[in-house]
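Each chain is listed here by its residues.
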Amino acid sequence: MSRVLILDGAMGTMFQRNGIKPGEDTTQFAYENPDIVEKIQRMYVEAGSDALYAPTFNLNREKIAKMGASLEEIVAGLMAPTIKVRDEAAAQGRAVIAGLDMGPQGQLLEPMGTKTFEEAYDFFAELVRAGEAAGADFVVIETMTDLYETKAALLAAKENSQMPVIVSMSFEENGRTFTGTSLKAFAVTAEGLGADAIGINCSLGPVQILPMIKELMSYTDLPVFAKPNAGLPDPQTGTYDIDCGQFVAEMKKFMEAGVSMVGGCCGTDPEYIRGLAEIRNEIGEIEAPDSADPAKGLLTVCSGSKAVTVDHVTVIGERLNPTGKKKLKQALLDGDYDYVALKVLEQTEAGAEILDVNVGVPGLDEAAAIGPLIKKLQSVTNVPLQIDSANPQVIEAGLRVYNGKAIVNSINGEAEALDSILPIVKKYGAAVIGLTLDDTGIPETAEQRFRIAERIIKKAEEYGIPRRDIIIDCLTLTVSAQQKEVNETLKTVRMIDEVFGLNTALGVSNVSFGLPIRPVVNRTFLTMALENGLTMPIINPNDEDMMAAIYAFNVLKNKDENAVQFIERFGDSQLSKLSRSSGAAKAPAAASASEGSVEERLLYHVLNGLERETAEEVRGLLADHDGIAIVNDYLIPALDKVGKGFEKGEIFLPQMMQAAQAAQAGFDVIKKNLLDTGQTEESKGEVVIATVRGDIHDIGKNIVKVIMENYGFKMIDLGRDVPKEKVIETVKEKDIKLVGLSALMTTTLSSMGDTIKMLREEAPDCKVMVGGAVLTEDYAAEMGADFYCSDAMRSVQAARDVFDSNDDQKTRIEK
């Protein structure tokens, strides 16, 4: 039983009521008006807040450079009013804590953007150290939409202070963040990295967030918190559509569900917090959520956008191990990660759910190579990765830059290996494979191997690694040399399953080395191992007979309900192919990189973010195609298909941005060809884009720029915090026919309206498209915009409406 902690409410909403001007920067306002911040924080404490967020949320390097003081001075100045109110409360017997608030840095991280993981980490680390020096009691990381940036902030907080850290992300109604992170991926990653509590804030109101909070609670034993908005905003007035009474009534359901902390985000104020405190006092102590949820006992690993829970036989692809693969070995030595990426796609298309990644090549600096390779692979696949090395430096280098929760392959029963690798596994929240061998070698009997497994499990738990994150590899030996030991392997698998209920892994194909018709031996051994409890076979997923055995096993063991996955994979054409197969067969999808029509190949390269392959395909087409025809007949249709997948929720922002970059590689080849042949590059039209005055958020604008450039539009980017006069000047000077305006904050919508009004007066023939998280279609029309664009693909359609002769009006706002 515990008492719900009451967090604070909105700061920006209160600034609007205390003199901030339309378009004025909230951080600058807070820094220059500590008395107002102090007054607001005191109001929240008097209303019942137990924890206060200092107004440091919007800090980034660019903003600090404009403020004319050091980071340490700015953080101290922003923290001081909150610290003062906290200390006043303590003097009166109230326990109130003050938090350093860290939010997104305003730029997309790699691979979607140009900011590196290391750059993001460095700034967060400086911020944490300054916050602790200024007197903060805890760190809150909030309103995050990118799991990679969340990891950078969380690592920085854990490595640079002793303060507790709570983390919340902002989700859309589809249960994913702006960049595609799922609730499950967030939960397992943040918990693994050491967050003290996790939650959801902003974007939505309590009605929409409640089911997400309940789902989040099913994935973690950490305390969970919620700070919803007061519903949805009216862009014109800045007010929200859920009043205090409605908000408190909805938030009572959160407390009854077992949420540990509640507060309010945009649109809430001290009255909302007072209502929450009254309900908390009425309810009293609450019971902790049920920790017996079966899902919490299952191993889950993830990338930034895909979580894989091992509740079925889960295939680990083995083909990224250079042992015995000359081309892969040379590619790693040459740093040719595009080749490695193709091997990744071959395996994922064939059905691998996790990929083993090994850079063990003589002469290669593995610790230096693993980080860049991990980043490259995560730019072309969302399948979770398994870092295959026994070198602690290599493991840490890979885990540090990995986006999500990975697996380490592997440790063994030697004391030195356990003590050098397990702390790294714990620090980065990874899962780990333990090999049943030690300094005496591989034991002959199952009982001996089992005792090593016990030792590994005990030591891992001593380091704080949950049992669910431990996988035991019982070691596949070659039947041609150690025939009786093969049955000992199977016996060990069964013992681990029956006694510990842990997942087990085996490198299956080792069993057949040196024998004829190896595929038959492999498949037979795999089936025997599955029946003994094997859950994570490490195999070549392009061997269709092996995959068929696994899919059939999942059906027969009732893991694949109604045989849905089996039927989906093995339709009539697949079955006929399988019946003709005598040995290993490639899964049909794996051939799509090199087979099929030109359109199919180019779509494959673009969709998978393969820049080099896209460029090579375009070079081939230039032999008998006009460059402009390639753009219109091949590249643009490929981007259209990517865009449709994005709009349907089949792919997410990282994949769309990677596709855009691959397409850009093709465009660059065409541009060079046009220059070399004395031709002029054609533009589909010039478009001015800008983030309006007072708004420094430009992630959305930058995404629009990248996508539209790929569609052949010349983009004139005026940047962020752009005065209306600058927009008008550029439009008139260059005779621009379309302007795109972006605003993220309700406080800057008036600037957008003023810019549109001036455009109507000074350049009446220029069309205007608008976008931003706080905009609605109705308010866009009310401001006089011609197009409301909810995402980058809608901006492309708007530009087509303006510049194409057929003038399809799908996106235009009806007046």
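Just so it is clear, the model here is predicted, and its values are computed rather than measured.

Calculation rules
- Residues numbered from 1 in each chain as written.
- Predicted model: local features only at pLDDT ≥ 70, side-chain atom pairs only at ≥ 80, totals over all residues.
- Heavy atoms only, no water.
- Helix = DSSP H or I, 4+ residues; strand = E, 2+ residues; numbered from the N terminus.
- Rg over C-alpha atoms; globule rule 2.2 N^0.38 Å.
- Buried < 20%, exposed > 50% of the residue type's maximum accessible area, 1.4 Å probe, protein only.
- Contact = heavy atoms within 4.5 Å.
- Areas by Shrake-Rupley, 256 points an atom, 1.4 Å probe, with all protein chains shown as cover.
- Pairing = 2+ DSSP bridges.
- Axes fitted to C-alpha atoms, helices over the stretch in contact; angles between N-to-C directions.
- Right-handed = clockwise from strand over helix to strand, strands pointing away.
- Arc of directions from axis to C-beta.
- Expected span 1.5 Å × (residues − 1).
- Phe/Tyr/Trp six-rings, centres within 6.5 Å; stacked < 30°, edge-to-face > 60°.
- Lys NZ or Arg CZ within 6 Å of the ring centre and 35° of its normal.
- pLDDT = per-residue confidence, 0-100.
- Polar contact = N/O pair within 3.5 Å; in protein donor to acceptor, adjacent residues only side chain to side chain.
- Parallel < 35°, antiparallel > 145°, perpendicular 65-115°, else oblique.
- Nonpolar A, V, L, I, M, F, W, Y, C, P; charged D, E, K, R; others polar.
- Salt bridge = Lys/Arg side-chain N within 4 Å of Asp/Glu carboxyl O.

With respect to the overall build of the chain
- When you go through the chain residue by residue, the secondary structure sums to 31 helices and 23 strands.
- For the chain, whose C-alpha radius of gyration is 28 Å, the value lies close to the compact-globule estimate of 28 Å for 815 residues.
- When the 815 residues of the chain are sorted by exposure, 58% land in the buried category.
- Long-range pairs, those at least 24 residues apart, make up 74% of the contacts in the chain between residues at least 6 apart in sequence.
- A total of about 32100 Å² of accessible surface is found on the chain, and carbon and sulfur atoms cover 49% of it.

Focus: the sheet that holds strand β19 (residues 686–691)
- Pairing is parallel across the open sheet formed by five strands, whose spatial order is β20-β19-β21-β22-β23. Single-partner strands in this sheet number two, and they are β20 (714–717) and β23 (787–788).
- Where strand β22 (residues 767–771) and β23 come together, two bridges link them in parallel fashion. Opposite Val 770, over in β23, you have Tyr 788 as the bridge partner.
- Strands in contact with helix α27 (residues 699–710) are β19, β20, β21 (738–742) and β22; relative to β20, the strand with the most contacts, it is inclined by about 160°.

Examining the pairing of strand β11 (residues 316–320)
- Counted residue by residue, β11 has four buried out of five residues, so it is predominantly covered.
- Relative to strand β18 (residues 536–539), β11 runs parallel, the two being bridged by two bridges. Bridge pairing links Ile 316 to Ile 538 in β18.
- Pairing of β11 with strand β12 (residues 354–357), which is carried by three bridges, proceeds in the parallel orientation.

So, the pairing of strand β4 (residues 138–144)
- Counting buried positions along β4 gives seven out of seven residues, so the element sits mostly inside the fold.
- Taken together, the four bridges between strand β3 (residues 97–102) and β4 define a ladder with parallel strand orientation. If you follow Asp 101 over to β4, its bridge partner there is Val 140.
- A crossover connection joins β3 to the parallel β4 through helix α6 (residues 117–134); in handedness this β-α-β unit is right-handed.
- Where the polypeptide runs from β4 across helix α7 (residues 147–160) and back to strand β5 (residues 165–169), its parallel neighbour, the crossover connection is right-handed.

A few points about helix α28 (residues 724–734)
- Taken together, the buried positions of α28 are occupied by Val 727, Ile 728, Thr 730 and Val 731. Angularly, the buried residues of α28 cover 165° about the axis, an arc narrow enough to put them on a single face.
- Those residues of α28 hidden inside the fold are in contact with β19, β20, β21 and α29 (749–762).
- Of the residues trailing α28, Asp 735 is marked for its positive phi of about 55°.

As for the sheet that holds β11
- What the eight strands build is a closed barrel, ordered β11-β12-β13-β14-β15-β16-β17-β18; its pairing is parallel. Along the sheet, successive strands turn relative to each other by an average axial angle of 25°, direction set aside.
- Sheet topology places strand β13 (residues 385–388) next to strand β14 (residues 407–411); three bridges connect them, and they run parallel. Looking across to β14, one finds that Ile 387 is bridged to Val 408.
- Helix α17 (residues 446–462) rests against β14, β15 (431–435) and β16 (470–473) of the sheet, and its axis sits at about 160° to β16.

Some details on the side chain of Lys 405
- Mapped onto the fold, Lys 405 is located in the loop between α15 (392–401) and β14.
- Excluding anything up to four places from it in sequence, Lys 405 contacts Val 188, Thr 189, Leu 299, Thr 300, Val 301, Cys 302, Gly 429, Ala 430, Ala 431 and Asp 469.

Things to note about helix α26 (residues 653–676)
- The end-to-end C-alpha separation of α26 is 34 Å, in line with the 34 Å expected for 24 residues at 1.5 Å each.
- One or two positions beyond α26, positive phi appears at Gly 678, with a value near 75°.

Digging into unusual backbone geometry
- The step from Glu 110 to Pro 111 runs through a cis peptide bond, and the omega angle for that step is 0°.
- Mapped onto the elements of the fold, Pro 111 is located in the loop between β3 and α6.
- With omega at 25°, the peptide bond leading from Asn 409 into Ser 410 counts as cis.
- Of note, Ser 410 is situated in strand β14.

Some thoughts on the packing of aromatic side chains
- Scanning the entire structure with this criterion turns up 10 aromatic pairs.
- With centroids separated by 5.2 Å and ring planes inclined at 15°, the aromatic side chains of Phe 450 and Phe 500 adopt a geometry described as stacked. Pair noted here: Phe 450 is in helix α17 and Phe 500 is in helix α18 (residues 483–500), with a separation of 50 residues, a long-range link.
- We classify Phe 450 as buried; its relative accessible area is 10%.
- Put simply, the rings of Tyr 551, Phe 566 and Phe 570 touch in pairs and so form one group of aromatic residues.
- Geometry around Tyr 53 places Lys 227 over its ring, the cationic atom sitting 3.8 Å from the centre.

Looking at the confidence of the model for the chain
- Looking at the chain, pLDDT values average 90 and 94% of them are 70 or higher.
- Low pLDDT, under 50, characterises residues 805–815; the stretch is placed with 26 contacts to residues that sit more than four places away or in other chains.

Side note on the side chain of Thr 492
- Relative to the helices and strands, Thr 492 is located in helix α18.
- Among the polar contacts made by the side chain of Thr 492, one reaches the main-chain carbonyl oxygen of Glu 488 at a distance of 2.7 Å.
- When near neighbours in sequence (up to four residues on either side) are disregarded, Thr 492 contacts Ala 446, Arg 449, Phe 450 and Cys 474.

Things to note about the packing of helix α9 (residues 206–217) against helix α10 (residues 244–257)
- For the pair α9 and α10, interaxial distance at closest approach is 10 Å and the crossing angle is 5°. For the element pair α9 / α10, the angle class is roughly parallel. Within the contact between the two elements, α9 uses Pro 206, Val 207, Ile 209, Leu 210, Ile 213, Lys 214 and Met 217 and α10 uses Phe 247, Glu 250, Met 251, Lys 253, Phe 254 and Ala 257.
- In the contact of α9 with α10, the residues fall into 10 nonpolar, no polar and three charged.

Description of the pattern of salt bridges
- Enumeration over the complete set of coordinates arrives at 45 salt bridges.
- Residue Glu 38 pairs with Lys 84 through a salt bridge whose shortest N-O separation is 3.3 Å. Of this pair, Glu 38 sits in helix α3 (residues 34–47) while Lys 84 sits in helix α5 (residues 71–91); the two residues are 46 residues apart in sequence, bridging distant segments of the chain.
- For Glu 38, a relative accessible area of 16% translates into the label buried.

Here we look at the environment of Leu 675
- Examined against the element boundaries, Leu 675 turns out to sit in helix α26.
- When the C-alpha atoms of Leu 675 and Ile 273 are compared, they prove to be 63 Å apart, with 402 residues separating the residues in sequence.

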